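Below, each chain spelled out in residue letters.
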Amino acid sequence: MRSAFDTARAILKGETSALAECEAAIARIEAGDGPINAVVVRDFDRARATAKAMDEAGPQPVHRPLFGVPMTVKESFDVAGLPTHWGFPEHADYMPAEDAIAVKRLKAAGAVVLGKTNVPQNLDDLQTNNPVHGRTNNPHDHSRVSGGSSGGSAAALAAGFVPLELGSDIGGSIRVPASFCGVWGLKTSYGLLDSFGHNRPRTDQSGVALNVIGPMARDAADLIVALEVLSGTPRPHEPRQAGAPVEKKSRFLILPAHSLAPTERAVSGAVERVGDALANAGCPVDRASPLFPDLATQHANYVRMLLTALARGAGTEHIEPMTLAAWFELQDEQARNRRAWGRLFTEYDAVIAPCWGTTAFPHDDTPFANRQLLVDGEPTFFGAQMAYPGLATFPMLPACSVPVGADAHGLPIGVQVITDFGKDYDAIKFARLVNMLMLG
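Residues numbered from 1 in each chain as written. Predicted model: local features only at pLDDT ≥ 70, side-chain atom pairs only at ≥ 80, totals over all residues. Heavy atoms only, no water.

### Some thoughts on the overall build of the chain
(1) Moving on: Along its length, the chain carries twelve helices and 17 strands.
(2) Moving on: Against the globule reference of 22 Å for 440 residues, the chain gives a C-alpha radius of gyration of 20 Å, in line with a compact fold.
(3) Moving on: The dimensions of the chain, computed from C-alpha atoms along their principal axes, are 60 × 50 × 40 Å.
(4) Moving on: Sorting the 440 residues of the chain into buried and exposed places 58% on the buried side. (Helix = DSSP H or I, 4+ residues; strand = E, 2+ residues; numbered from the N terminus. Rg over C-alpha atoms; globule rule 2.2 N^0.38 Å. Buried < 20%, exposed > 50% of the residue type's maximum accessible area, 1.4 Å probe, protein only.)

So this is what it looks like as structure tokens:
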């Protein structure tokens, strides 16, 4: 299957057509999605009509970098005429009349939306299962999770159904599924992309604290194109050459394991090998720094803010509300933490860490608060692993999940490349370097 960028270029050159690419993607979904259950809302007839109209109209003078590219989007984004329910049966009949801003921009760039991908209920789990559409399985091992909450998105990419997806991330919801499924995902800088139309069904809520939207793909170059489209700044170029080359003076800080989160040897070892590969390529690499913020304090504050943000959803009434004064103090803590990361990035260009302490784990319907996770055979508290997504989420930083290998069972391993606030393209650039050094 072609990348999104290569698909659009081939259509514009007349080597294929929008309808042919649409039909091929539909055929892949219909043939392979049964045991995976990723693309749970299908809009194939409208997609065919859209692709056919694009072929009849032909390329337009306005640059459309995703012209004719078939893709899917996470169920939690509004798409006019399709249900948005976030896994809640009581909202299964809700049909928004307008596309989310991100969906509008993707369509304006030429993307053909085939449907929507599965999510956990309320988007609040690291596995994907809900009462409306059931469970999504990892394409590499159906007994394992695909991740969450963008689990259907990552599974659709890993299965080769589509080249491009749209996800969201508040607790690793882009990075963890991408890591578990062996694809690419970008958690963007907070506030960089407009999230209107990504709100709980039948509400006009403002953006949830910490939450961002971002692209997911099978190819790093597609992340660049999608990020430009989603930010409203598309421009003609060859994305494989986009951005300044990575020079040997680029400096990296490696965090193979978090003090609060037990980590599989396969995962921490992969991060160590990334550090070795960068050092062998001539880049300065450190494995410790006094500039690191207090990660234990950061994690405690992140969990408090995350639980407060999630408390706005149904089924979270057990979460204790926070006073306004406490919320303002928590925001002050976040500001202090952001400044600490800013000081770190005066000395380093990127921090590289696990996205999660294990590879994809077996399906587990135990409530989150009581769930255990086996780490090299030892049972540990599942929630401790949230320390890894929180590394970039609490200070609002961009982080790109990049495939770097597999464990002994063939399950993908991804790492996250974290860069300074607003340097989202650098996160992709350094992730591409890591992927090239590790996988060729």
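There is more to say after this.
### Section: the sheet that holds strand β17 (residues 412–418)
Remark on secondary structure: sheet strands pair via backbone hydrogen bonds, oriented parallel or antiparallel.
(1) Moving on: With respect to topology, eleven strands assemble into an open sheet ordered β1-β3-β2-β8-β10-β9-β16-β17-β13-β11-β12, the strand pairing being mixed. With one partner strand each, in any of the chains shown, β1 (39–42) and β12 (285–286) form the two edges of the open sheet.
(2) Moving on: Helix-sheet contacts for helix α4 (residues 101–108) involve β2 (70–74), β3 (112–117), β8 (164–169) and β10 (212–217), and the interaxial angle to β8 is about 160 degrees. (Pairing = 2+ DSSP bridges. Contact = heavy atoms within 4.5 Å. Axes fitted to C-alpha atoms, helices over the stretch in contact; angles between N-to-C directions.)

### Some words on the pairing of β3
(1) Moving on: With six of its six residues buried, β3 lies for the most part within the structure.
(2) Moving on: In this sheet, β3 lies alongside β2 in parallel orientation, the contact comprising five bridges. The residue of β3 that forms the bridge with T72 is G115.

### Topic: the pattern of salt bridges
(1) Moving on: This structure, assessed with the given rule, holds 21 salt bridges.
(2) Moving on: A salt bridge links K52 to E56; its shortest N-O distance comes to 2.8 Å. On the criterion of helical spacing, the pair formed by K52 and E56 is a turn pair, its members being four residues apart in helix α3 (residues 44–57).
(3) Moving on: What makes K52 partly exposed here is its relative accessible area of 44%.
(4) Moving on: Among the residues examined, E56 registers a relative accessible area of 58% and is labelled exposed.
(5) Moving on: One salt bridge connects E329 with R336, and the closest N-O pair in it is separated by 2.8 Å.
(6) Moving on: According to the relative accessible area criterion, E329 is partly exposed, its value standing at 38%.
(7) Moving on: Each member of the salt-bridge network shares a partner with another, and the members are E23, D45 and R48. (Salt bridge = Lys/Arg side-chain N within 4 Å of Asp/Glu carboxyl O.)

### With respect to the domain arrangement of the chain
(1) Moving on: We note that the domain assignment places domain 1 (4–231) and domain 2 (252–439) within the chain.
(2) Moving on: The straight-line distance from the C-alpha centre of domain 1 to that of domain 2 is 24 Å.
(3) Moving on: Taken together, the contacts link 50 residues of domain 1 with 53 residues of domain 2.
(4) Moving on: When the two sides are added together, the surface that domain 1 and domain 2 hide from each other amounts to roughly 4100 Å², 63% of it contributed by carbon and sulfur.
(5) Moving on: By the criterion of area lost to domain 2, the three top residues of domain 1 are R175, W184 and L210, representing 17% of everything that side buries.
(6) Moving on: A salt bridge links D125 to R371; the shortest N-O distance between them is 2.9 Å.
(7) Moving on: Scanning the region where domain 1 abuts domain 2 turns up 23 residue pairs in polar contact (both at pLDDT 80 or more).
(8) Moving on: Elements that contribute at least two residues to the side of domain 1 that touches domain 2 include exactly β6 (137–138), β7 (141–145), α6 (175–181), β9 (184–187) and α7 (220–231). (Domains from an automatic or database assignment. Buried area = accessible area lost by both parts, 1.4 Å probe. Polar contact = N/O pair within 3.5 Å; in protein donor to acceptor, adjacent residues only side chain to side chain.)

### A short note on the packing of α4 against α7
(1) Moving on: Running from N to C, α4 and α7 point in directions that differ by 115 degrees, and their axes come no closer than 8 Å. Once α4 is placed against α7, the crossing between them reads as right-handed. Between α4 and α7, the residues in contact are A102, R105 and L106 and V229, L230 and S231, respectively.
(2) Moving on: Per-class residue counts for the contact of α4 with α7 are four nonpolar, one polar and one charged. (Left-handed = near helix turned anticlockwise from the far one by under 90°. Nonpolar A, V, L, I, M, F, W, Y, C, P; charged D, E, K, R; others polar.)

### Some thoughts on the UniProt feature "domain: Amidase" (unreviewed entry) in the chain
(1) Moving on: Look at the UniProt record and you will see "domain: Amidase" (unreviewed entry) annotated at residues 23–307 and 330–425.
(2) Moving on: Segment residues 330–425 splits into 25% helix and 29% strand. End C-alpha atoms: 29 Å apart. (UniProt positions renumbered as here; feature names shortened; annotations may be inferred.)

### What to know about α7
(1) Moving on: The first and last C-alpha atoms of α7 sit 17 Å apart over twelve residues, in line with the 16 Å expected at 1.5 Å per residue.
(2) Moving on: Burial within α7 is extensive, with eleven of its twelve residues counted as buried.
(3) Moving on: Here α7 starts with a cap whose side-chain oxygen sits 2.8 Å from the backbone nitrogen of A221, and that cap is D219.
(4) Moving on: In the stretch just after α7, G232 is the one whose phi turns positive, near 80 degrees. (Expected span 1.5 Å × (residues − 1).)

### Here we look at the packing of α7 against helix α12 (residues 424–439)
(1) Moving on: Direction vectors running N to C along α7 and α12 enclose 175 degrees, while the axes themselves pass 10 Å from each other. On the basis of their axis angle, the class for α7 and α12 is roughly antiparallel. Residues A220, L223, I224, L227, E228 and S231 of α7 form the contact with α12, whose participating residues are D424, Y425, I428 and R432.
(2) Moving on: Classifying every residue of the contact of α7 with α12 by side-chain character gives six nonpolar, one polar and three charged. (Parallel < 35°, antiparallel > 145°, perpendicular 65-115°, else oblique.)

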